Amino acid sequence: MTKLLLKSGIVVTQDKALGVLPTGDVLVDDDRIAAIAPSLPASGAEVVDCTGHFVLPGLINAHMHTWQTALRSVAANWTLLEYFRHVHAGLATVFTPEDIHIATLAGALNQLDHGVTTLVDWCHNNPTPQHTDAGISGLKESGIRAAFFHGSPKPDPKPGEPHFSEVPHPRAEIERLMKGPLSDRNALVTLGMAVLGPHYSTLEVSAHDFALAKELSLVASMHQGGGEAKTPGGWEALAAQGLVGPHINIVHGNNLTDPQLRTFVDLGVSFSITPENEMAQGHGHPITGRLRALGSAPSVGVDLESAISGDMFTVARMALASQRALDNAAERARSGGIPATSTVPAAEAFDWITTRGAAMLGKGDRIGSLSVGKQADIAVMSLGALAMWPVHDPAATVVMQGSGARMRDVLVAGRFRKRNGKLLDVDLGATRMKLAESGERILARLNVPSVSRQVAVE
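Everything quoted here is computed from the prediction, not taken from an experiment. (Residues numbered from 1 in each chain as written. Predicted model: local features only at pLDDT ≥ 70, side-chain atom pairs only at ≥ 80, totals over all residues. Heavy atoms only, no water.)

So what exactly am I meant to see when it comes to the overall build of the protein chain here?
In terms of regular secondary structure, the protein chain is built from 15 helices and 17 strands. Since a compact globule built from 458 residues should have a radius of gyration of about 23 Å, the 22 Å found for the protein chain is in line with a globular shape. In terms of its C-alpha atoms, the protein chain occupies a principal-axis envelope of roughly 70 × 60 × 45 Å. Relative to all contacts within the protein chain whose residues are 6 or more apart in sequence, the contacts with residues 24 or more apart total 74%. With an accessible surface of roughly 18,500 Å², the protein chain has 55% of that area assigned to carbon and sulfur atoms. Computing the positive centroid from 39 side-chain charges and the negative centroid from 45, the protein chain places the two 2 Å apart. (Helix = DSSP H or I, 4+ residues; strand = E, 2+ residues; numbered from the N terminus. Rg over C-alpha atoms; globule rule 2.2 N^0.38 Å. Contact = heavy atoms within 4.5 Å. Areas by Shrake-Rupley, 256 points an atom, 1.4 Å probe, with all protein chains shown as cover. Lys, Arg positive; Asp, Glu negative; His and termini not counted. Charge placed at Lys NZ, Arg CZ, Asp CG, Glu CD.)

And the structure:
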């Protein structure tokens, strides 16, 4: 690779020592960031003019079920109970490996298009190894950095079959992936485990899954919330066995008690929230403020493109606004007035979609900020003609007016994946067609209407 000099941008580094450079340069050498300063010599590098643009660390989408990309908006009006019934017990059961591949490829490409350089693909529709390999192939083909969190499907059991809550995570499949397509832990696409946890499985299954992840040094991520827990007291039992620690990632967590949260924070557990979908489908309010009160903070994800958009700036603003609303309401209840100042600075929301996502994956030394020596995962976002101008507070402007739609350039490990507004190395026309055909086929098998064939394709 040649050297690249990103020149004269507004550089929001997310590095505490560097902060924000109102006008700054970022030098990329091969896959790493070599230097950051107000001005750097070209030194034989290709110069990329970033005047009138923000230069940002690539965003990190900490939780998304990318396999549902072909079902966009289908779940827009569903509660969580409807989602379980229509998706896991219905639509998910008719997916072929080809459906998983095109959904994952298209979903990952869309994330790149919106400035996301790292995607946590929480794939819990892997009925066969062929489905699993198809999803991994889609991630690799896209060029995104990703953590493939392997999960198992959740259909209604057939007569004589155990309920999914009674089925341990398949060790053989995890070992196959670690010896095969995801053997390199330093590759762009790496492995994690999407397990059931005590809210959705028996204590025996949870203990097995947590211990397996700990043994293999993998992140074990699980949903927490939505109805009654399968194993009341399960978390306490697992903690007593020494199975709860930094390798555990809790998604949502809306129904956790304050003592539980305090214990988890003390044990180094990470948290991923999906604020827009949590509020829409009935999980409850995001736990942002409850974590902040304990000196912690969440990573943030989209969750479901079958329900909402894939824009990370939108979900970051949702998390920020929801917590401010809760804090404002609490102050009105206490004093009858409005807080004297905002309880959560806007800049914190950018931290949630960058450095906190990196920390959740245990990759804070590699990604999440623009720092010398880190991977060159970089997003260049246009201010636009009017939408983000003038810039007074760069970090606040990025959060409050930012949009994935204004991403001009996106680099992953120093390589352009999007340049001058165009995704590279992809046939978008063919991808769009395959994605629509997959969605139509899936929906038709369950008699769900689709109008994609009636819409003109650019």
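Where do I start with the sheet that holds strand S12 (residues 270-273) in this structure?
Strands belonging to one sheet form pairs held by backbone hydrogen bonds; the direction of such a pair is parallel or antiparallel. Within the open sheet, the 8 strands sit side by side as S6-S7-S8-S9-S10-S11-S12-S13. Their pairing is parallel. Each of the sheet's edge strands pairs with one partner strand only, and the pair in question is strand S6 (59-64) and strand S13 (299-300). As paired elements, strand S7 (residues 116-123) and strand S8 (residues 145-150) share 6 bridges and run parallel to each other. Directly across from Val 120, in S8, lies its bridge partner Ala 147. Helix H4 (residues 171-179) contacts S8 and strand S9 (189-195) of the sheet and is inclined by roughly 170 degrees relative to S9. Here helix H11 (residues 312-335) sits on the sheet in contact with S6, S7, S12 and S13, set at roughly 75 degrees to S6. (Pairing = 2+ DSSP bridges. Axes fitted to C-alpha atoms, helices over the stretch in contact; angles between N-to-C directions.)

Please clarify how the nonpolar core should be interpreted in this entry.
In summary, soluble globular proteins display a tendency toward joint burial of nonpolar side chains. Formed by 96 residues in total, the largest nonpolar core has its most connected members in Phe 54, Leu 56, Phe 210, Trp 235, Phe 271, Phe 313 and Phe 350. Of all the elements, helix H2 (residues 97-113) adds the most residues to this core, at 7 residues. With 17 residues, the next largest nonpolar core counts Val 11, Cys 50, Val 55 and Ala 376 among its residues. (Core = buried A, V, L, I, M, F, W, Y, C linked by side-chain atoms within 4.5 Å. Buried < 20%, exposed > 50% of the residue type's maximum accessible area, 1.4 Å probe, protein only.)

Would you take a moment to explain the packing of aromatic side chains for this structure?
Note on aromatic pairs: each is described by the distance of the centres and the angle between the planes. If you walk through the whole model with that rule in mind, you get 5 aromatic pairs. A centroid spacing of 6.1 Å and a plane angle of 50 degrees characterise the contact between Tyr 83 and Phe 84, whose relative ring orientation is tilted. Centroid distance Phe 84 to Tyr 200: 6.3 Å. Interplanar angle 85 degrees. Geometry classified as edge-to-face. Remark: Tyr 200 occurs in helix H5 (residues 197-200) and Phe 84 occurs in helix H1 (residues 80-88); sequence separation between them is 116 residues. Cluster of aromatic residues (ring-pair linked, three or more members): Tyr 83, Phe 84 and Tyr 200. Above the face of the Phe 416 ring, Arg 419 is positioned so that its terminal group lies 4.1 Å from the ring centre. (Phe/Tyr/Trp six-rings, centres within 6.5 Å; stacked < 30°, edge-to-face > 60°. Lys NZ or Arg CZ within 6 Å of the ring centre and 35° of its normal.)

For this particular structure, what's the right way to read the pattern of salt bridges?
Two side chains with opposite charge may pair up if their charged atoms get near one another. Inspection of the entire model under this criterion finds 17 salt bridges. A salt bridge links Lys 418 to Asp 113, with the nearest nitrogen and oxygen atoms 2.7 Å apart. In this pair, Lys 418 sits in strand S16 (residues 415-419) while Asp 113 sits in helix H2, placing the two residues 305 residues apart along the sequence. Residue Lys 418 is classed as buried on the basis of its relative accessible area, which comes to 4%. Across the pair Glu 331 and Arg 334 runs a salt bridge, and its minimum N-O distance is 2.8 Å. In this pair, Glu 331 and Arg 334 are both assigned in helix H11, 3 residues apart and thus about one turn of the helix distant. The exposed category is assigned to Arg 334, whose relative accessible area is 64%. (Salt bridge = Lys/Arg side-chain N within 4 Å of Asp/Glu carboxyl O.)

Teacher, can you tell me more about the layout of surface pockets here?
Regions of empty space are outlined by a rolling probe, equal in size to a water molecule, passed over the atoms. Here the second largest pocket defines a volume of roughly 510 Å³. Lining the second largest pocket are 29 residues, and of these Phe 84, His 88, Lys 154, Phe 164 and Tyr 200 sit closest to its centre. Those elements that place two or more of their residues in the lining of the second largest pocket are H1, H5 and helix H9 (275-281). It is H1 that provides the largest number of residues to the lining of the second largest pocket, a total of 6 residues. Partitioning the lining of the second largest pocket into residue classes produces 11 nonpolar, 12 polar and 6 charged. (1 Å grid on protein atoms, 1.4 Å probe; cavity = no way out; pocket = protein on both sides within 12 Å on 5 of 7 lines; lining within 4 Å. Points joined across faces, edges and corners; volume = space filled by probe spheres on them. Nonpolar A, V, L, I, M, F, W, Y, C, P; charged D, E, K, R; others polar.)

What is the right way to look at the pairing of S12 in this model?
Residues of S12 alternate between two faces, with Ser 270 and Ser 272 on one and Phe 271 and Ile 273 on the opposite face, all of them buried. As defined by bridge partners, strand S11 (residues 248-252) adjoins S12 across 3 bridges and the pair is classed as parallel. Along S12, the bridge assignment pairs Asn 249 with Ser 270. Between the parallel pair S11 and S12, the chain is carried across by helix H8 (residues 258-267), and the sense of this crossover is right-handed. Note: S12 against S13, 2 bridges, orientation parallel. Residue pairing across strands places Ile 273 opposite Val 300, the latter belonging to S13. (Right-handed = clockwise from strand over helix to strand, strands pointing away.)

Whenever I open this one, the packing of H2 against helix H15 (residues 428-444) confuses me. Can you help?
Relative orientation and spacing of two packed helices are given, respectively, by the angle between their axes and the distance between those axes. Packing of H2 against H15 leaves a shortest axis separation of 9 Å and a crossing angle of 130 degrees. One element, H2, and the other, H15, form an angle in the oblique class. Remark: the crossing between H2 and H15 carries left-handed chirality. Between H2, through Asp 99, Ile 102, Ala 103, Ala 106 and Leu 109, and H15, the contact on the second element is made entirely by Thr 431, Lys 434, Leu 435, Ser 438, Arg 441 and Ile 442. Residue composition of the contact of H2 with H15, grouped by class: 6 nonpolar, 2 polar and 3 charged. (Parallel < 35°, antiparallel > 145°, perpendicular 65-115°, else oblique. Left-handed = near helix turned anticlockwise from the far one by under 90°.)

I keep staring at the environment of Phe 95 and nothing clicks. Help me out?
Its location among the elements puts Phe 95 in the loop between H1 and H2. Residues Phe 95 and Asn 125, spaced 30 residues apart in sequence, show a C-alpha to C-alpha distance of 8.3 Å.

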